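Residues per chain, in single letters:
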Amino acid sequence: MAGVRIRSWISLIVIAGIFLFLIFNMSVWQHMLGTIFPNESEVVYPRAQLPQLLREHMILVLASSAAAIITGTSIGILVTRERGRPWLGIVSDMSSLAQTIPPVAVLALAVPSIGFGFKPTVLALFLYSILPIIRNTITGIESVPGRLIEAALGLGMKRSQVLFKVELPLSIKLIMAGIRTSVVINVGTATVGAVVGAGGLGTPIISGLVRENPAFVLEGAITAALLALFLDQILARTEQSLSRSLEKTT
Amino acid sequence: MIKLIDITKKYGEFTAVDDISLKVKQGEVCVLLGPSGCGKSTTLKIINRMLEPSNGNVLIEGKNVRDFKPELLRRKIGYVIQYVGLFPHMTVGENIGIVPKLLGWEKVKISRRTEQLFTLIGLDPGFYSNKYPHELSGGEAQRIGVARALAADPPILLMDEPFGAVDPLTREILQTEFVKIQKELKKTVVFVTHDLEEAIRVAVRIVLMQKGRIVQHDTPENILAHPKNKFVHDFIGADRALKRLSRFPVSNIMREAPVVKSSDDLFKAAKSVDKRGFRFLWVIDENEELLGWIDTTRLIRNKEKKEDVITRIPVSRIAVRSDFTCKTALSRMLAEGIKVVPVVDENQKIIGEISLADIEKITEEVAHTWQE
Ligand SMILES: Nc1ncnc2c1ncn2[C@@H]1O[C@H](COP(=O)(O)OP(=O)(O)OP(=O)(O)O)[C@@H](O)[C@H]1O
Ligand SMILES: [Mg+2]
């Protein structure tokens, strides 16, 4: 146990280190991208600073993911309660179905009604990333054996105690897995925001594609990938401490 | 005391429990017995409000269970289910401490109580307390399930096929232990099973159910001796007399056994035994461990070698313990083709014997009453 914990700390620190180093050292990018693409006159996206793009991107991701996590787990929990059960089938079918719609389509639908910019992007990302969270929350809670619920009630737990002492501790791994998948995908999907003027790491990518400059594309993509890795590591650590503290409350 | 008054439970058109009235006295083990689907579990769950009846009332100590919040009611009633239902994310100790914790006991008090319960169910607290349920054998898990139900010392215990998930041998051991613990604790117990022998072994009274109704409510002896109708008669089976033996521990009809040390004068000992009317003389070694027997009806000459006189026996296969049932004793006699088996204690030391003739007397009583 302790070994695993230390290793996860180390990988978190290493990734964070590389990440910060790259963000604030544009000369490294110049050098690296210049070596890979010697024929390009410009290898670093000139019209915005990387930290600025990253900040925009993080805000997009954090706003949409935070909302998705809160709403998604709540919906998952609600439809597995006695009163919410009638909705369970519909909600889990819809969350599976909606996953097949590409985020660009969601954007295309959202722009006419909400307009360009930050808001429609966050909305699209929210709608898209809530799905794996709902689905995993439902799957996790539904996988808790009925006899355990019966035992918990039979021993005199209230419904809320059954949820916090039995159902959540036993499904936290699956729920967190859903959240991690959702956030990682969200970091990638958020690059779409650049299309409708929400900025973020998609900006150099789109610009690179338009101007046929692969160096710009790589700059945005590498940073986004590192951000995804970094957030995934943070969530992995959260999962561990969360399941530990849930165990303690029992 | 538990009182069920005109309890009916319907699922749509289907009546799972049909107008049942029942009293369970303080300190009594009442077994709900019957074929699958006859409504045993439903009846049980109505008592602690896991299910609400369509009609009728349940009174505990004269108070209607409806006047309590379900969760508060259940914390005062121990509950054991068939597949144990230990929580896999909690240690065994934490599992046992659940109800005390719900009741807001202090930590010290909970851990002291947990330790007590481990001792009660015959498991070492130091060894088991921090284990997780998946590390337990089936029998251990079932014991923990019982300990968990007893944790807050509830006056009432509801058990739904509590020993259903283990092999027959372990089940018999658990039943024996339960009877012993119950003698000490004197809880008011409602015990569900579809296993007749289990019912006979643990019950003070049996409620035999069929299709949601009570067919016969009586002591095991009376049900075996006077089955009320064909259903009961068929349910009990043709070997009622034999089944009655499950009700008697060996200690009930065990008698003193003549014993001789192998180093003593066997010839003299055999002669003295013969006079007292015992047929077998049990031979033990210097460590008082049982070696075999001497058949005293056989002529023993003074000069015979000891090895020729003593019939060696596989003690562990033949001997019974005093808390075994007479049925087990009988099956050992039949398996080995002998008429007397030795009774030993935990250390395999002989403490008595039990004979076929004495077992027959029990079965005759039943056969007799049936003919009347
Ligand atoms: N929720 C339900 N909806 C409809 N019918 C039910 C429901 N629960 C139980 N029943 C029916 O009620 C009857 C009695 O069920 P119960 O669980 O009390 O049986 P049981 O005597 O405990 O049987 P077993 O020995 O198999 O556990 C059964 O026929 C069962 O199919
Ligand atoms: Mg049942």
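Just so it is clear, the model here is predicted, and its values are computed rather than measured.

Rules of the game
Residues numbered from 1 in each chain as written. Chains lettered and ligands numbered in written order. Predicted model: local features only at pLDDT ≥ 70, side-chain atom pairs only at ≥ 80, totals over all residues. Heavy atoms only, no water. Domains from an automatic or database assignment. Contact = heavy atoms within 4.5 Å. Buried area = accessible area lost by both parts, 1.4 Å probe. Salt bridge = Lys/Arg side-chain N within 4 Å of Asp/Glu carboxyl O. Polar contact = N/O pair within 3.5 Å; in protein donor to acceptor, adjacent residues only side chain to side chain. Nonpolar A, V, L, I, M, F, W, Y, C, P; charged D, E, K, R; others polar. Pairing = 2+ DSSP bridges. Helix = DSSP H or I, 4+ residues; strand = E, 2+ residues; numbered from the N terminus. Core = buried A, V, L, I, M, F, W, Y, C linked by side-chain atoms within 4.5 Å. Buried < 20%, exposed > 50% of the residue type's maximum accessible area, 1.4 Å probe, protein only. Near = heavy atom within 4 Å. Areas by Shrake-Rupley, 256 points an atom, 1.4 Å probe, with all protein chains shown as cover.

Enquirer: Give a detailed account of the domain arrangement of chain B, specifying residues and quantitative values.
Expert: Note: interface size is frequently given as the accessible area lost on complex formation between the parts. All names here are of chain B. In terms of domains, chain B is made up of domain 1 (2-245) and domain 2 (251-363). Across the contact, nine residues belong to domain 1 and nine residues belong to domain 2. When the two sides are added together, the surface that domain 1 and domain 2 hide from each other amounts to roughly 840 Å², 61% of it contributed by carbon and sulfur. Ranking the residues of domain 1 by area buried against domain 2 places Glu-172, Leu-242 and Leu-245 at the top, with a combined share of 55%. Across the contact surface, domain 1 and domain 2 share one salt bridge. Residue Glu-197 is joined to Lys-327 by a salt bridge in which the shortest nitrogen-to-oxygen separation is 2.7 Å. At the boundary of domain 1 with domain 2, the tally comes to two residue pairs in polar contact (both at pLDDT 80 or more). Residue composition of the side of domain 1 that touches domain 2, by class: three nonpolar, one polar and five charged.

Enquirer: Could you give an account of the sheet that holds strand S13 (residues 290-295) of chain B, naming the residues involved and the relevant values?
Expert: Residues and elements named next belong to chain B. Spatially, four strands are ordered S11-S12-S13-S14 in an open sheet, and the strand pairing comes out mixed. Both edges of this open sheet fall to strand S11 (259-261) and strand S14 (311-312), since each of them pairs with a single strand only. Relative to S13, strand S12 (residues 280-284) runs antiparallel, the two being bridged by five bridges. Looking at the pairing, Leu-281 lines up with Ile-294 of S13.

Enquirer: Provide a residue-level description of the nonpolar core, including the pertinent values.
Expert: Counting 52 residues, the largest nonpolar core has A:Phe19, A:Leu168, A:Ile179, A:Val187, A:Phe230 and A:Leu231 as its most contacted members. At the level of secondary structure, the elements contributing two or more residues to this core comprise helix H1 (2-23), helix H2 (26-36), helix H3 (50-79), helix H4 (85-98), helix H6 (118-142), helix H8 (159-189) and helix H10 (214-249) of chain A. For this core, the element with the highest residue contribution is H10(A), accounting for 10 residues. Residues contacting A:Leu168, with those up to four places away along its chain left out, are A:Ile77, A:Ile141, A:Leu163, A:Ile175 and A:Leu246. B:Ile2, B:Val17, B:Val58 and B:Ile77 belong to the second largest nonpolar core, which has 44 residues in total.

Enquirer: Explain the site of ligand 1 to me, using residue names and the numbers behind them.
Expert: Residues and elements named next belong to chain B. Around ligand 1 sit Tyr-11, Phe-14, Ala-16, Ser-36, Gly-37, Cys-38, Gly-39, Lys-40, Ser-41, Thr-42 and Glu-161, and that is every residue in its neighbourhood. In this structure, Tyr-11 approaches ligand 1 through a side-chain N or O atom, which is 3.4 Å from a nitrogen atom. One of the backbone nitrogen or oxygen atoms of Cys-38 is found 3.2 Å away from an oxygen atom of ligand 1. Computed on the free molecule, ligand 1 has an accessible area of 640 Å², of which 58% lies beneath the protein chains in the complex. Of all the secondary-structure elements, those providing two or more residues to the shell around ligand 1 are strand S2 (14-24) and helix H1 (40-47).

Enquirer: Which residues make up the interface of chain A and chain B, and what values do they have?
Expert: Counting from both sides, the interface comprises 20 residues of chain A and, opposite them, 21 residues of chain B. Counting the surface lost from both chain A and chain B, the interface buries some 1800 Å², and carbon and sulfur atoms represent 66% of this. Where chain A meets chain B, there are one salt bridge. Note that B:Lys45 and A:Glu150 form a salt bridge whose closest N and O atoms lie 3.8 Å from each other. At the surface where chain A touches chain B, the tally comes to five residue pairs in polar contact (both at pLDDT 80 or more). Those elements that provide at least two residues to the side of chain A that touches chain B are helix H7 (146-154), H8 and H10 of chain A. The greatest single-element share of the side of chain A that touches chain B, amounting to seven residues, is contributed by H7(A). Residue classes in the side of chain A that touches chain B are distributed as nine nonpolar, five polar and six charged.

Enquirer: Break down the environment of B:Leu51 for me, with residues and values.
Expert: Inspection of the secondary structure assignment puts B:Leu51 in the loop between H1 and strand S4 (55-60). It is 19 Å that separates the C-alpha atoms of B:Leu51 and B:Thr193, two residues lying 142 residues apart in sequence.

Enquirer: Let's hear about the pairing of S2(B): which residues, and what values?
Expert: Regular strands place their side chains on alternate faces of the sheet. Residue and element names in this part refer to chain B. Pairing of strand S1 (residues 2-11) with S2 involves seven bridges; the strand directions are antiparallel. Its bridge partner being in S2, Ile-7 is matched across the sheet by Ile-20. Linking two consecutive strands that pair antiparallel, namely S1 and S2, is a turn of two residues; a positive phi of about 60° is found at Gly-12 within it.

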